[in-house]
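Chain by chain, the residues run as shown.
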Amino acid sequence: MTAAAARPAPPRPAAPPAPPGTWRLAHRDRSLLVDRRAATAAAVLAVLVAATVAVGLALGTASVPLNRTLPAAFGVGEARDVLLVQQLRLPRIAAGLAVGAALGVSGVLLQTLARNRLATPDTVGLNDGATAFATASVVAVSTSITPSAFALVGSATAAALALGLAGGAGRRGYRFLVVGLGVGAALGAVTQLMLARAPIDEANQAFPWSVGSLNSRSATSVTVLAVGLAVALPVAVVLGRRLRLLRLADAVVTGLGSRVARVRLAVIGTAVVTAGLAVATAGPLGLVALLAPEIARKAAGPRVVPVVGAALAGALVVLLADLLGRTVAAPLELPAGLVTAVVGGPYLLWLLLTTRTRRMP
Amino acid sequence: MSLLEAPGTQPAVEAADLATEALDLGYDGTRVVHALDLRLPPGRVTAIVGPNGCGKSTLLGALARVHGPQGGAVLLDGRDLATLRPRDAARRIGLLPQQADAPDGLTIRDLVRYGRHPHQGLLRQWSPEDAAAVHRALTAADLLELADRPLDTLSGGQRQRAWIAMVVAQETAVVLLDEPTSALDLGHQLEVLDLVHDLAAQGRTVVLVLHDLSTACRHADHLVAMCEGRVVAEGPPADVVTPGLVRELYGVESVVLRDPTSGTPVVCPVRRVGTR
Amino acid sequence: MDDRLALRARSRRETAQGTPAPPRRLARGLAWGTAALAATVLASLLFGAGEVGPGRALAVLAGVGDDDARFAVLQLRVPRTVVAVAVGTALGVAGAVLQTAARNPLAEPGLLGVSAGASFAVVLVIASGAGAAALGPWVAVLGAGAGCLLALGAARLRGTGDDPVRLVLAGAALSALLGAATSIVLLLDQRTADEVRFWTVGSVAGRDLGTLSQVGPVLAAGLAIALLAARPLSALALGDTVAQGLGHRPARARGLAMAAVALLVGGSVAAAGPIAFVGLVVPFLARALVGPDLRRVLAVAVLLGPAVVLAADVASRLLVRPYEMPLGVVTALIGAPVLVAVVRSTRMPSL
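Residues numbered from 1 in each chain as written. Chains lettered and ligands numbered in written order. Predicted model: local features only at pLDDT ≥ 70, side-chain atom pairs only at ≥ 80, totals over all residues.

As recorded in an unreviewed UniProt entry, chain C goes by Iron complex transport system permease protein and comes from Geodermatophilus amargosae. Among the UniProt annotations of chain C, the heading Sequence similarities (unreviewed entry) holds the following wording: "Belongs to the binding-protein-dependent transport system permease family. FecCD subfamily." (UniProt positions renumbered as here; feature names shortened; annotations may be inferred.)

The name recorded for chain B in an unreviewed UniProt entry is Iron complex transport system ATP-binding protein, from Geodermatophilus amargosae. Heading Subcellular location (unreviewed entry) of the UniProt record for chain B holds this comment: "Cell membrane".

A. Expanded view of the overall build of chain B. A count of helical and extended segments in chain B gives ten helices and twelve strands. Summarising its shape, the C-alpha atoms of chain B cover approximately 65 × 40 × 35 Å along the three principal directions. Counting the 276 residues in chain B, one finds 47% classified as buried. (Helix = DSSP H or I, 4+ residues; strand = E, 2+ residues; numbered from the N terminus. Buried ≥ 20, exposed ≤ 12 C-beta atoms within 10 Å, placed from the backbone.)

B. Structural context of the sheet that holds strand β10 (residues 230–235) of chain B. Residues and elements named next belong to chain B. In spatial order, the strands read β6-β7-β8-β3-β9-β10; together these six strands make up an open sheet with mixed pairing. Every interior strand has two partners, whereas the edge strands, β6 (93–96) and β10, have only one. Strand-to-strand twist across the sheet, computed as the mean angle between neighbouring axes with direction ignored, equals 15°. Across five bridges, strand β7 (residues 174–178) lies against strand β8 (residues 205–209) in parallel orientation. (Pairing = 2+ DSSP bridges. Axes fitted to C-alpha atoms, helices over the stretch in contact; angles between N-to-C directions.)

C. Structural detail: the nonpolar core. Ranked by size, the top nonpolar core spans 313 residues in total, and within it Ala 165 of chain B together with Val 87, Val 93, Val 97, Ala 257, Ala 260 and Val 261 of chain C carry the most contacts. A total of 17 residues in this core trace back to one element, the largest contributor, which is helix α4 (residues 79–114) of chain A. With near-sequence residues (within four places) excluded, Val 97 of chain C lies in contact with Ala 226, Ala 229, Leu 233, Ala 257, Ala 260 and Val 261 of chain C. In this structure, Ala 57, Val 60, Ala 69 and Ala 72 of chain C belong to the second largest nonpolar core, which totals seven residues. (Core = buried A, V, L, I, M, F, W, Y, C linked by C-beta atoms within 7 Å. Contact = placed C-beta atoms within 7 Å.)

D. A look at the interface of chain A and chain C. Chain A puts 33 residues into the contact, and the matching count from chain C is 33 residues. Among the residues making up the side of chain A that touches chain C, the classes are represented as 24 nonpolar, seven polar and two charged. (Nonpolar A, V, L, I, M, F, W, Y, C, P; charged D, E, K, R; others polar.)

E. Molecular detail of the packing of helix α4 (residues 67–102) of chain C against helix α12 (residues 278–290) of chain C. Residue and element names in this part refer to chain C. With their axes 7 Å apart at the nearest point, α4 and α12 run at an angle of 75° to one another. Relative to α12, α4 is oriented roughly perpendicular. Note on element contacts: α12 touches α4 through Val 278, Gly 279, Leu 280, Val 282, Pro 283 and Ala 286, opposite Gly 88, Leu 91, Gly 92, Ala 94, Gly 95, Ala 96, Leu 98 and Gln 99. Classifying every residue of the contact of α4 with α12 gives nine nonpolar, five polar and no charged. (Parallel < 35°, antiparallel > 145°, perpendicular 65-115°, else oblique.)

F. Examining the pairing of β7 of chain B more closely. All names here are of chain B. Along β7, five of the five residues are buried, which leaves the element largely enclosed by surrounding structure. The two faces of β7 match: Val 174, Leu 176 and Asp 178 on one face and Val 175 and Leu 177 on the other face are all buried. By the bridge criterion, four bridges tie β6 to β7 in an arrangement that is parallel. Residue pairing in the sheet places Gly 94 in a bridge with Val 175 of β7.

What follows is the structure, encoded as structure tokens:
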């Protein structure tokens, strides 16, 4: 004690030690904590996405050498290259990016909310709802209101039905999941019903939605999706921090002063918007919302809810699936939705086969 | 080190006065707790005991805002708890519910950091106080060396201590623990209960729900015995625990002895009432 | 939370006392089932998407009636009804057996990917050169068996039964996977697509009695095995350890169940294509009528299965007249609410 008193009072260090594995960015009493592993994972995923975009722009029925691709994307180079890259492929790839990001975000939000990594917009019926309503907008309603609005209403309806009937997302989310599965099956049947009733031309026009493909996108829906993402992504990133807490039991979260119900509502709203707009653009791309968060979580570690990582991984999955679908059986084109289902199905099975049922994400 | 032992970083715990006033609790239509008036002595350890389904866990949940009251109020320093912002309330009252589950792969330190949530914000994600509080909580729970081990690699007692450390890091005047010793063996039970004593010694109001009457007598300053949603007895364990109370609570004939080391009551059940 | 559980346990005990004695329940269940079956058979003969209405059809049944009506009723509706009865019986029984074997009220051949396995096998074989006409039901049976094994294996069915939903999700994943694979095969191979188009949606329309003569023996074998397995299977309701302690052989019982399900589902898929949710709805109704014992459930399911399929088929003819819609769509519309009801029932009924 005397020794301590003899020394001058220890100077207060400017920054407190950040917890291991994090970077602390501080200014005055403002501070941000960045998880190192999550940030690195996001950076790596971003690089992979960029590479896939480049390859996707270059490859196709007629390939463009990589070194000519980038200039062509900005309208520089031979007319043929510019036509292929800027006019034909760029919009498609931009749509793929946005759709994948939206599905990834929707997936990671729903999984964390339900505390169950099997809860995704496909399994709980959001995609089916959006598909049914988007189909309705083409088939049943003669005035052409943009399918995006209908898809939004559809995914919101499905979410409301699933949550309402299940009585909330619940502790392990299982009831929510199966009720969602049922809601999805019913809405899927409604889609079939509408397609069966509709005149053949309108049915053909609506068909792409029911399999999932970047081919069927409309320019309007891509724009709406981009705007939606611009709002939803920042919201999701903020919510992601709250969601870290929500992985604990409700009573713990309430005890820590978080408004559980309010966070849940915001999370569901964001998931509904992202899933609905993505489906309006590309139809229900199977299992993207399951795969993307899984990849992101593996990369980012258990400390965080990787919203940005899931968005990037989603974009990566969709772009790769589309690239595969375009090239594997050329000149025939496989819809990206079928590719993701064939790749994602075994993965989902493997997940069920190997993981313990208890704790999710 | 110097920072963490620097003056002014000791937990600033001001005693809190937690009470209930005509509190009614229940789930969809069924009353579980009826018109409860209770005052929890500040800076002491209170144990709530009673048979299964008597409403003790429900009461604890209501004290931590997990369920809202159907009637009456929970008062913190005389103010209705429901009027406080959740974050402000969480700076005064911490709760560890039963069967708390954490995501796989989380380390002890990660878990304890969650306890700082009510003190943080979107642009105030990690302050010197946070670092100090986490360090103190880990020290108090004797988990400093284990801090970076994943929770799923720990023993039951260590894991329970980690959860309590999370609540400790919250630095609240009131700490509510729901059956913190269930499913632990004797040694681990004592580890946890010693930690509880330390918390009370720092001036915190500690409320435990306990299963075992003798454990409650041994470790609590104040006992609240509940039966069918009402308080049937309240006071220092030595005054409250009698064969009559045990019969009323559990329907069991018993002999109440004195613990030779602590002088607290020890309940020896003999037989169920009405059997021979 | 223990308060709530206690309350729930108490109310459950009370309802258990209020139900009628088992023999009376069985008699009542059989009466209901027979009535439903008779009504739906009649409806199936009387109503159609075409012009022959109930009046003219009734005249045919009475032995009179014009040629058009005779053709519609005797050549179109009778075979269709017979096929629907066979398929409904098979799916209802398969559902009941599968649910008991999996100890899971959500286990359903369509949901679990058993039907998808059968479809995929058929499509694959046709794509590799076989003609649809020459194809026996065995390909579908093998596919159904493989689907069954995969889904149940994925859910680690044996013994656990603690996680009903996992099984369903495994099945959903398997169905999605096999469905997408089927689509890709069809996309790549136009000839196959043309051959099986009528068939992948699930319908009993346009099937003749020739179909049945091929599939009939398979279904009969499946039914026989199911009845054989009923007793040991119902002993599994208490869990494998207890059943073993009572001298049963759980693995053998499950093997029998699997064989029965593969035969029944494979046969019905060969006859009518994949029809989802029948195997969920029928046992659910049967259990509501006669309680959880498999033997009683089977007795009633044999009646209710055809009734449900016939009702759905009649609805499929009438809903979008003058078109018909796929039967599978109607069963999904009926089945989805039942699925929700099963999950919502306060406690997952354990089998």
